[in-house]
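# Observations on chain architecture
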Amino acid sequence: MPLRLLKYALSKNYPGTRFFKAHETPKKSYDVVIIGGGGHGLAAAYYLAKEHGITNVAVLEKGYIGGGNTGRNTTIVRSNYLTPEGVKFYDASVKIYEDLSEELDLNLFYSTRGHFTLAHTESAMRTMRWRAEVNKHVGVESYVVGPEEISKACPQLDMSCSGQAPILGALYHAPGSVARHDGVAWGYARGADRLGVEIFQNTEVLGIDVQGGKVAGVKTSKGYIATTKVLSAVAGFTPRICEMVGMDTPIVIHPLQACVTEPMKPWLDTILVSGSLHVYVSQSSRGELVMGSSLDPYEVHSTRSTLDFVEGLTSHMLDMFPFLSNIKVVRQWAGMADMTPDFAPIMGKTPIEGFYLDAGWGTWGFKATPISGKTMAETIARDHAPDLIHSFRLSRFEDYELTGEKGAASVGH
Amino acid sequence: MKLLTCPVNGTRPLSEFVFGGEYRVPPAADCSDKVWADYVHNRHGAPGIKQEWWYHAPSGTWFIAERNTLTDQVIRTFLKGQEGKQ
Amino acid sequence: MSARLARQKGEWVNRASTIKFSFEGKEFSGFEGDSITSALWASGEQVLGRSFKYHRPRGILSLANHDINVMVTDGMDTNIRGDVVPVAAGMALAAVNTDGGVKKDRSRLIDSISPLLPVGFYYKAFHTPKKMFPFWENIIRKAAGLGVVNFNYPRILKRKLHAHCDVLVIGGGATGLSAAYEAGKSGLRVVLVDENAQLGGSLGFDWGGSQESANLLQELLAKLESLPNVSLIAGAYAAGYYPDHLIPVVTREGITKVRAGSVIMASGAFEQPPVFRNNDIPGVMLGSAAQRLLHRYSVKPFSNGVVFTANDYGYRVAQDLLEAGIKLAAVVDLRSDAKDGPLAAQLARRGVKTIAGSCIYEVQANADKTGVKSVTVTEYDEKTNEALTRDKVTLECDGVAMCAGWAPAANLLYQAGTAMRYDYGVHQFVPNRLPAGIFAAGRVNGVYELAQKVQDGARAAAQALLHIGLDVPELPSVQPSTRAQSHAYPIVPHPKGKNFVDFDEDIQVKDFINAAKEGFDNIELMKRFTTVGMGPSQGKHSNMNAIRILARVRGVPVEQIGTTTSRPFFHPTPIGHLGGRGFHPHRLTPLHDVNHKLGAVFTDVGAWKRAAYYKVAGLGVADTVLAEVEAVRTKAGIIDSSSFGKIEVHGPDAALFLERFFTGNYISQAVGSSRYTMLLDESGVVVDDGLAHRLAEDLFYLSSGTSNAAAVYREMQRWQQIWQLDIGLVNVTGAYAAINVAGPLARQVLSGLVNISLDDSALPAQSIRETEIAGVPVRLIRVAFVSDSTYELHIPTPQAAFVWERVMGAGQALGLKPFGTDAQRLLRLEMGHAMPGIDTDGLTNPYEINAQHAIGMDKPDFIGKRSLQIIAKRPVKKTLVAFALEAGYAGEMPFECNLVIRQGEIEGRVTSIAYSGTIGRVIGFAYVAPEHSALGSRFQIRADSGALVNATVVSSQFLAMQK
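Predicted model only: the values in this text are computed from it and were never measured.

### Some points on the domain arrangement of chain A
Many analyses report the size of an interface as the accessible area lost when the parts associate. Residue and element names in this part refer to chain A. Assigned domains within chain A: domain 1 (24-72 + 182-251 + 342-409) and domain 2 (112-176 + 252-338). Averaged C-alpha coordinates put domain 1 and domain 2 at centres separated by 30 Å. Mapped by element, the contributors of at least two residues to the side of domain 1 that touches domain 2 are helix H7 (238-244) and helix H10 (406-409).

Here it is, written out as C-alpha cells:
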C-alpha cells in the first residue's frame, strides 16, 4: 500500500483540503474570462496561469465542475485520426495525458490498453489502412491487423459477430487509453486554483458585452465582469454563447448517448470500436462495461435518453459478445455533442476581437482536453493561434478548406 | 421511441422518419461569396422553435415539422407549401 | 435451526413444494415461492454476501431488489440478486466477489485497513512513480467488479412486444390498484404493472399488527376482477420513461414496450436506513424488509430484536414482529417527542418499552461476525445530531429492524421531467410540476395513510382520464401527509465510523464530510467523488441520506442541495432483454437464387447482397476474378446489376428537373440517348454519379450506383418539394432487375434475342432502346462502364430470372461467363472510371477529379453551382490522376490508401490500385499535387513495408496501353 495513504490513516483530523476554493462573488474585472468549467476550460485556465503567467482569470461554470461532456463521455483517449493535422494534434494530447497524473498529482487512472477499430467491410478496411498510413507517417503507433491478432487480444470476441458482420481486420492503435474523466477536470481545477485562477460554479453567463467589434465584458448571474478576453469552452452550449455575440457557426447539437453495465471481474483488456456495428466499449477499473454508439440522428439540446439507442447498442454488443445476455445495463445517459460538418473542432480566434472559441468537440473532446487547453491558452495569451490548430480555425469554412476527419471520427472515439 | 405525425400518413414512430436538417431559404445566387459560404456552412445552432425537413421513409413523404429543439416537442407538421391549409 | 413460521394467510411460499439447493457448498432447502435470500434466512443462514469495498459480511437490507451485497452466481449466470430471484431446485449457488468463500473471504482483511482507504483514495495514490501504476492498477481492477462473467453463457433471444393502452398504472399497491379500478370503470384499456411477484405492494406486508391491509387488498383485487379491460401484470417493472409515454415493461420473458395515453406513477417509496455504526451487520435490516420476510415468506427476521425508528412506521413494524411471536428488547426512537404518544403506549401494553430521544449508537457483532450480539443505545440530541454517549445502555438482541423514513420511487417521474419540491410536512421530495399526461399518487406523492392512498389513486385516475379526453368529474386533491414520515436527519455520528450510508459502495458518513472538505460539496460532485448512488442499486437507499448529510455540512436546507439526475434503468436490465432479437435487414436481388446456383460468393454492398465472384473448383479467388475479367475482355461476361438505383422522372419539366439537380445539360439531350449525371451537395462536394437515359421528351430513366441510390432518390424528392416542377418521380429500383452483358461477343450473344439492330450505327454508345426478349419488355442500354461493348438490360423483376436464363443460353456457345463485383471493380478501373466514394472522399470537389467536362457552369443553376463559383477561384489542392507502375514491376504491391510521398511529406494517396492482366501492368488512381499531375509526371507510393514504389501519371485510357 503506498505510503502516501498513511497520512489519512494516522491523522486525527482528515488531512484533505479543498481542490478548488468556493468563490462566491466575482471581481469587477479579469484579464481573461473562461466560460465553461469543464476539462477544456479548466485546462486552458491552468495553462494560462502556468505557462503564460496570466492568473487574473475567472472560470464561469453554469452548473458544477466537469458536469458537461467531461463527465459524460466514455473516456477514450487516442490519436489515430485520418488527417495529418488531426493526428499531430491528438498525439500531442496523448503525450501530455501520459504524464498528467504526475503533473497534477492526481491519479487519473490513465490506462493504456490498446485500441482496436474493427473493420467488417472492405471499405472499412480501406479507411483503416488510410488512417494507419497517416498515423505511421506522423509517428503514431497504429497499424492494420488481421483477425488472429484481434482474437489474441480479445479471445472472447465472436469474430463472426454472430455471423452478421465477420471481422476482416482492425486498425490497432497502441496508445489508445482510458482515463477517469472527472479526475481530469478536478485535477486541472485544482492546478488552476492553486495558481490563482478563480473558479465560479453555479454561475451562468447571460450575455457578452461586445463594443465596436471587441469584447468588453460578460454579464453573469452574479453580476457584470469587465474583460477584454473571453474564451468559450462550452461544447454543447456553444451555439447559445455564440448567439450572445451574434455569431453563427457550423455547429449543430446532437445528443450522444452511452450506458454502463453492472460491475464484473475484469475480462475486457482492450478498447474495442466497431463502426459497422456502431459500438465502442471498454471495461472501467470499477469493472463496468462502458459502452457508446453513434450520435442521435437529429438536433436536440437536451440530455434525454432514448430506448432505441440502448436497444440498438445492446443488440450489437450481443453480436460481438453473445455471452453477455444476462449482464445488466445499470444506467444510460447522454451528452450534447457540438458537431461540425467535417468532424474536426473549431479553435482559435473569431471575427470578434477578444472572443476565442474552443468548440466543435462533437464526440471527440475528452481526448483533446490537455492539448486544447494548452493551445487555447497560447492563443489567448498571444492573440495568435499556434500552427498546431491552424487547420481547426473557424475561417476554414468560409475558405472552403474543411479538415476531413469524418472517416476517423464517426463512432471511433 | 418518440412519435411524429406525417401530414399524409398520420402519427408514426420516429424510426420511420429521416431528419433532413433545418428548412432554410438560400440567398439569391448573386449574393457575395461570403454570404453564400455563410449559408452553406453555418447554422443558427441555438435552441428554439425551428422549421425542419423530415422524411417519412416508407411512403417517401417530405414535410416540414415545427419543433422546439430544446424540449424536442413538435408543434405542428405540414407539407411544404401547404402551411396555411388545414 | 429453522426460522420459518407456521403457515399464514397470504404467504407467497408454497409449502407443498420443497426446493433443494446449495449455497457455498452446503445443502439447503426452501419452498417454491422463496427468494434465494428468504430460503437461506429461513435456514438460519445470515452471511449471504460480502460488501464491495471492505468485504464486510452482509445479509438482508431491503428484500426489495436493491440488496446489492447479496449477489450470487449459479455457475452459469452471475450477479443474481438473492433478495428477489426465486430459488430453484438444484441451484448450486455461491456469493460473488469473495476470495475463498463468503464465510472465510480472505479479502475481509481490507475491512481492518480501511483507514488507509479514505474517500477517493485511488485519486490520491498509485500514480507516482508512474512506472508503478500498471502494477497497482492491476490489483485495483482485480479487486473491483462483482461477479465473474461466464463466456459460455448462451445468447438468449428475448421476445419484444408492443402494447398500447389508455392508462398505464405503475405500481400495484393500494394506490395503484385504486387508480386502476377508477380508470378501469371507464371501460378504457388500463394496464397495471408491478415489479413484485404478487400484487398488493405494502398491503401485502405492512400490516401494523392488524388485518386492515390484507382485507383491503382482497377487496381491491375482487373489484378489479370485474373489469376485463384492466390487465394486472405482476413480476413486471417499468424500466424507464421515454418521450411520448413510452415505457418498457420488463418481465423474465422479455420487454413489452407500452405506449400509454397517460401514466399514473403509483410507484411508492423506498425505505431509507438510519445511519449508525455497524448498521450493516447481518440481522440489521430495514423495517419493511423484516415485514417482507414475515408476511411474504413466513420467516422470522430474528427472534429477539430491537426496532430502531425515527418515524411512526417503526411501530407498525414492531406490531408485526410481536404478532409473529418475536421478542422485542425495545423500540429505540430517535425522536424525543415519541415517548408519550399513543404508539408507545400501545407497545407498552404489549410489554415493549420505548426508549425515546435515543439512538442505536452502535451494533456489536457476535463472535464470528455472522450476526448481531447486542446494541448500544444512547441518548440523541436532535438539535446537534450528536449521540450523547455519557449513558450507554447495552441491549442483548440478535437483530435490528430500522426505520427512518422514505425516499419517493420517483425515478420515472424525474426521467419524464417532473420538477420536485421538498415538503417539510412529510419530509420528502414530492412532485411539484408534472409533465402533461403524467400523474403521481400515493407515497411517491407524499401520501401515506391507507384511506388517503386509495383516494389519491382514484384522484390521479380521474385526471388521467381527463387528460385523454374523457369527460369525468375531477376528484378532490389529496395533500401530502402533514405528519413527517421521514426523519430530517437520521444520522448517528461515531468516531470509529462504519456507519454506512451506501451499502453498495461501502460509503460511511465521514466519507461525505471529508469529500465536502475537499471541495466536493455539490451533490453531483459528491456523487462522483464518493461514488454514492453509483452502484447497482443506483442510490435507492442512499441518495436521500447523502443529500441530508450534504445539506447539514453546508448548512443549507435540503431543497437547495437538489437531487442527482435519475436515468434509466429503474432496475438494471439484462442486455439480452434490451438487445432482444437482432435484426440485420438486407436486400436480395431478384437474381439471388440464380447467382447462388452459379456458385456466387456474396458481399455486402450497402444493404444489398451482391455476387463478389463465382467460385470455380480448384481456383483461388484472385485467379477466379482474373478469369472473369478475361472472359469480359476476350469473349463476354454477364453481371447482375439489379441493385443499381433506378429512378423515373416523368412530366413536362423532367429535363428541367435534371438540369437543376445534376451538373450536366439535359434539355438538349436526344430521346434514346444517355448522358452522364453528377450530383453535388450545396457545398460543391461530389456526392454521386450515374446516367440519365431519355426514353421520351417527358420521360427520363436514371440509373446510378448501389450504395447511394436511396439517399439520392430522397434528395430528389426534397428538391422537387422545393421546386414544385411539373414532374413525377418513381423509384423503380425494385421494379426492375438489371443485367449487363459485356465484352467483344456481347452483341453476338444478344443479337438473336432482340428484334432490333445492335449495330453501332443503330445503337451507338450512350443510347437506350425499349425492346423485348422472348416477349418480356426490356430497356436495352448501351453503356461503357466495364467495357466498350456493354449492353445493360433492365427487365421487370418477375421476369428477371427467365431473361437471365435466356441470355445465358444464348451465350453458352460463345463462352459467356458470369462475373461479380470484384471483377467489375477491376474492369471499371481498366476503363479509367473513377468512382465516387472510392476515388473521392467526403470533401472532394469536381475540379479535383478533373470533372469540368461534366459541369454546365453556363446553366442558370444547379445544386452546388454557387459554391463551385467560389471554389473555382481558389487553387486546386490535389488532383486525381491515373497512374501505372513500371512495366514488369515485381516488387511489393502497394494497396489502396497507401500514401503518395514526396520529399518525406504526404502529397496524396492511392485510391484504387490493381494488377490488370489485360494490360499487364499495375494501374490505379491516386491524388497528387496539381503541379505533379501532368502526363508522364512521376511520384512515389509508400508501400506497407515503407518501401517507396515509383509510379507514373498516365492517361486514364488504360486500355490504350494494351499492346
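Once the structure has been displayed, the description carries forward.
### As for the sheet that holds strand E6 (residues 80-81) of chain C
All names here are of chain C. Here five strands make up an open sheet; going across it, the order is E2-E1-E7-E5-E6 and the pairing mixed. The sheet is open, and its two borders are formed by strand E2 (26-32) and E6, each paired with just one other strand. As judged from the two bridges shared by strand E5 (residues 71-73) and strand E7 (residues 92-95), these two strands associate in the antiparallel manner. Residue pairing across strands places Thr73 opposite Ala94, the latter belonging to E7.

### Points about the packing of helix H2 (residues 39-52) of chain A against helix H6 (residues 181-194) of chain A
All names here are of chain A. Between H2 and H6, the shortest axis-to-axis distance is 8 Å and the interhelical angle comes to 30°. Taken together, the axes of H2 and H6 lie roughly parallel to each other. Where H2 crosses over H6, the handedness of that crossing is left-handed. Each of Gly39, Leu42, Ala43, Ala45, Tyr46 and Ala49 in H2 lies in contact with H6, whose residues at this interface are Val184, Ala185, Tyr188, Ala189, Gly191 and Ala192.

### Observations concerning the interface of chain B and chain C
On the side of chain C, 15 residues touch chain B, which itself brings 18 residues to the contact. Elements supplying a minimum of two residues to the side of chain B that touches chain C: strand E3 (17-22), helix H1 (33-41) and strand E4 (49-56) of chain B. Across the side of chain B that touches chain C, the residue classes break down as ten nonpolar, four polar and four charged.

### Remarks on the sheet that holds E3 of chain B
Taken in spatial order, the four strands line up as E3-E4-E5-E6 (chain B) in an open sheet, and their pairing is antiparallel. Of all the strands in the sheet, just E3 and strand E6 (73-78) of chain B have a single pairing partner and so form its edges. Neighbour-to-neighbour, the strand axes of the sheet open up by a mean angle of 35°, direction not taken into account. Pairing between strand E5 (residues 61-68) of chain B and E6 of chain B: five bridges, direction antiparallel. Paired with Ala65 of chain B across the two strands is Thr77 of chain B, which belongs to E6 of chain B. Sheet contacts for helix H20 (residues 709-723) of chain C: E3, E4 and E5 of chain B; angle to E5 of chain B, the most-contacted strand, approximately 75°.

### Concerning helix H7 (residues 287-297) of chain C
Residues and elements named next belong to chain C. Most of H7 sits inside the fold, with eleven of its eleven residues counted as buried. Restricting attention to buried positions, one finds in H7 the residues Gly287, Ser288, Ala289, Ala290, Gln291, Arg292, Leu293, Leu294, His295, Arg296 and Tyr297. Looking at the packing, one finds that the buried side of H7 touches helix H1 (36-42), strand E14 (269-271), strand E15 (284-286), strand E16 (304-309), helix H8 (313-323) and strand E22 (399-403).

### Comments concerning the packing of helix H12 (residues 509-517) of chain C against helix H14 (residues 543-554) of chain C
Residue and element names in this part refer to chain C. Two elements in contact, H12 and H14, have axes separated by 10 Å at closest approach and are oriented at 45°. Here H12 lies oblique to H14, going by the angle between them. Taken as a pair, H12 and H14 cross one another with a handedness that is right-handed. Mapping the contact onto sequence places Val509, Phe512, Ile513 and Ala516 in H12 and Ala546, Ile549, Leu550 and Val553 in H14. Class assignment of the residues belonging to the contact of H12 with H14 gives a composition of eight nonpolar, no polar and no charged.

### Some words on the interface of chain C and chain A
Across the boundary between the two partners, chain C contributes 73 residues, which contact 73 residues of chain A. When the residues that make up the side of chain C that touches chain A are grouped by side-chain class, the tally is 36 nonpolar, 20 polar and 17 charged. Bridging between strand E18 (residues 328-339) of chain A and strand E29 (residues 573-574) of chain C involves two bridges; their strand directions are antiparallel. When the sheet's bridge partners are listed, Val329 of chain A is paired in E29 of chain C with Thr573 of chain C.

### Observations concerning the pairing of strand E5 (residues 115-119) of chain A
Residue and element names in this part refer to chain A. Where burial is concerned, most of E5 is hidden: five out of the five residues are buried. Here E5 shows a buried face lined by His115, Thr117 and Ala119 and a second buried face lined by Phe116 and Leu118. As paired strands, E5 and strand E7 (residues 169-173) are joined by five bridges and run antiparallel to one another. Within E7, the position partnered with Phe116 by the bridge is Tyr172. As judged from the four bridges shared by E5 and strand E15 (residues 271-274), these two strands associate in the parallel manner. By the bridge assignment, Thr117 is partnered in E15 with Val273.

Conventions and cut-offs
- Throughout this document, residue positions are counted from 1 along each chain, in the order its sequence is written.
- Numbering of ligands from 1 and lettering of chains from A proceed in the order in which they are written.
- Since the coordinates come from a predicted model, pLDDT governs what is reported: local features require at least 70, and pairs of side-chain atoms require 80 or more to be given and counted, while whole-chain, interface and lining totals use all residues.
- Where each domain begins and ends is defined by an automated method or by a domain database.
- Under the DSSP-based scheme used, a helix requires at least four consecutive residues in state H or I and a strand at least two consecutive residues in state E, with every element numbered from the N terminus.
- Whether two strands pair depends on DSSP finding at least two bridges between them.
- Convention adopted: a line fitted to C-alpha atoms gives each axis, helices being fitted over their contacting stretch, and angles between N-to-C directions are expressed from 0 to 180 degrees.
- Angular relationships are summarised with four words: roughly parallel below 35 degrees, roughly antiparallel beyond 145, roughly perpendicular across 65 to 115, and oblique for the angles in between.
- By definition, any crossing whose near helix is turned counterclockwise from its far helix by less than a right angle is left-handed, and any crossing with a clockwise turn is right-handed.
- Residues are treated as contacting if the C-beta atoms built from their backbones sit within 7 Å of each other.
- In this count, Pro and Cys sit with the nonpolar residues alongside Ala, Val, Leu, Ile, Met, Phe, Trp and Tyr, while Asp, Glu, Lys and Arg are called charged and the others, Gly among them, polar.
- Burial is judged by counting the other C-beta atoms within 10 Å of a residue's own C-beta: 20 or more makes it buried, 12 or fewer makes it exposed, and any count in between marks it as partly exposed, with every C-beta position built from the backbone.

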